[in-house]
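Chain by chain, the residues run as shown.
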Amino acid sequence: MDYQKILDSIQSELSVLPHTGKVASYIPELAQVESEKLGMHLYSINSEHYSFGDSNELFSIQSISKVFALTLAMSLVEDKDIFKRVDVEPSGDPFNSLVQLEYENGIPRNPFINAGALVICDILISILKDPRKDFLEFIHKITGNKTININTKVYESEKAYSHRNAALLNLMKSFGNITNNLETVLDFYIYQCAIAMSCKDLSTAFMIYANAGKTLNNQKIISFQKTKRINAIMQTCGFYDEAGEFSFRVGLPGKSGVGGGISAIHPGQYAVTVWSPPLNPKGNSELGMHALEELTTLTGFSIF
Ligand code: GLU
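Remember, predicted model here, so these are calculated numbers, not experimental data.

1. Topic: the site of the ligand
All residues adjacent to the ligand are Tyr26, Gln62, Ser63, Phe95, Asn114, Glu158, Asn165, Tyr189, Cys193, Tyr240, Gly257 and Val258. Between the ligand and Ser63, the relevant distance is 2.5 Å, taken from an oxygen atom to a side-chain nitrogen or oxygen of the residue. A distance of 2.9 Å separates an oxygen atom of the ligand from a polar atom in the side chain of Asn114. In isolation the ligand offers 300 Å² of accessible surface; the protein chains occlude 99% of this area.

This is the structure we're talking about:
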C-alpha cells in the first residue's frame, strides 16, 4: 500500500475544501492556536512513518488523553472494579453534559465523556504513587519520547474555566462515585488534558491499540482482551455525540479532542493521527474527519 501517495492526495484535497469549523474557545488558550494548522501522520504495522504538513508540531491532546488514562487504569485494576463505576454505552449527549448523570445515579455512560474520565482519574489517584509523574511516564513509555510534557498555559487556562467539570465531580460525589478530594481529581484531569503531543507521537502511542496491546518493539502494555475492549469503547464512544456519524463516514475506532486532534487505528494495519483545530458543531475536527474518511476510502479498507 502506497500510504504516502494516499496522504499526499488527502493533503491536496483538504487544501481546496471549503470549511466552516470553529477553533474551541471555551478554554481561552486553545483559541490562540492558528486555525490553518494541518498535519497528518500514519504509522504502519511494519514500522514505517508517513506524514504531511504540521505533523511534528505539538498540540493540546485534550480528550485523546482519556484513552491513555483508561488504558493505564485497565492495566492496573480489574475491569469489574472499573466498570461498576463507569458504563460502556454511548451517551448521545455532549461530552460535558450533566443531565444523564442525575437520572443515572452518578454512573457516567462511558470513560470518554468528561464525567467518566473524571471517575478514571479518581481510580488512578487511588492507586498511583505520584499520579501526574506516573501518567506522564506512561506516555513516555508508549511513545518512546521522554520530552513529552504539558503545556502550562493550557493547563492554567483550563483551571480558570473548569466550573462545569467541578459540577460533574460534585454531582458524582453526592452519589458516592468519587472517593478522593475533588480539587485533586479535577487538577489531575486538567493536567492530563493539557499534555502536548504531535501527530507522530500520538500515532506511535496508538500503535498499541492496532497491535494487540504491544508497542512495535514488543513491549506488552496491556492484554489483547483489554485492547479489544478499549477499541470497542473508542468505536462506540470516541467522538462525542457523533460516534455513529464517525463510524458511518470513517469506520475506524478512535478518539478526538477539542484541540483538533483525532487518533484512530486499523487493527493489524496502522495508527493514524490528524490535526486541524477548527471543530464541527459536535466538537470533532472538521477537516480531520474528512481526512480520515478519505483515508479509509482510498486505502479500500475500514473495519466494516
Ligand atoms: N479538557 C477538556 C474539557 O474538559 C477536554 C474536552 C475534550 O477534548 O473533549 O472540557
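Next, the rest of the story.
2. Side note on the sheet that holds strand β2 (residues 49-53)
Taken in spatial order, the five strands line up as β2-β1-β8-β7-β6 in an open sheet, and their pairing is antiparallel. On the outer flanks of this sheet lie β2 and β6 (254-256), each paired with one strand and no other. In this sheet, neighbouring strand axes are inclined to one another by 5° on average, regardless of whether the strands run parallel or antiparallel. Sheet analysis places β6 next to strand β7 (residues 261-266), joined by three bridges and oriented antiparallel. Among the inter-strand pairings, Gly254 is bridged to a residue of β7, identified as Ala264. In this fold helix α1 (residues 3-16) packs onto β1 (39-44), β2 and β8 (270-275), with an angle of close to 15° to the strand it touches most, β2. Where helix α13 (residues 286-299) meets the sheet, it contacts β1, β7 and β8, and its direction lies at approximately 150° from that of β8.

3. Examining the packing of helix α2 (residues 65-76) against helix α5 (residues 114-127)
Between α2 and α5, the least distance of the axes is 10 Å, while the angle of their chain directions is 45°. Regarding the angle of α2 to α5, the classification is oblique. By crossing handedness, the relation of α2 to α5 is classed as left-handed. The residues of α5 that touch α2, namely those facing Lys66, Ala69, Leu70, Leu72, Ala73 and Leu76, are Asn114, Ala117, Ile120, Leu124 and Ile127.

Criteria and cut-off values
- Residues numbered from 1 in each chain as written.
- Predicted model: local features only at pLDDT ≥ 70, side-chain atom pairs only at ≥ 80, totals over all residues.
- Heavy atoms only, no water.
- Near = heavy atom within 4 Å.
- Polar contact = N/O pair within 3.5 Å; in protein donor to acceptor, adjacent residues only side chain to side chain.
- Areas by Shrake-Rupley, 256 points an atom, 1.4 Å probe, with all protein chains shown as cover.
- Pairing = 2+ DSSP bridges.
- Helix = DSSP H or I, 4+ residues; strand = E, 2+ residues; numbered from the N terminus.
- Axes fitted to C-alpha atoms, helices over the stretch in contact; angles between N-to-C directions.
- Contact = heavy atoms within 4.5 Å.
- Parallel < 35°, antiparallel > 145°, perpendicular 65-115°, else oblique.
- Left-handed = near helix turned anticlockwise from the far one by under 90°.

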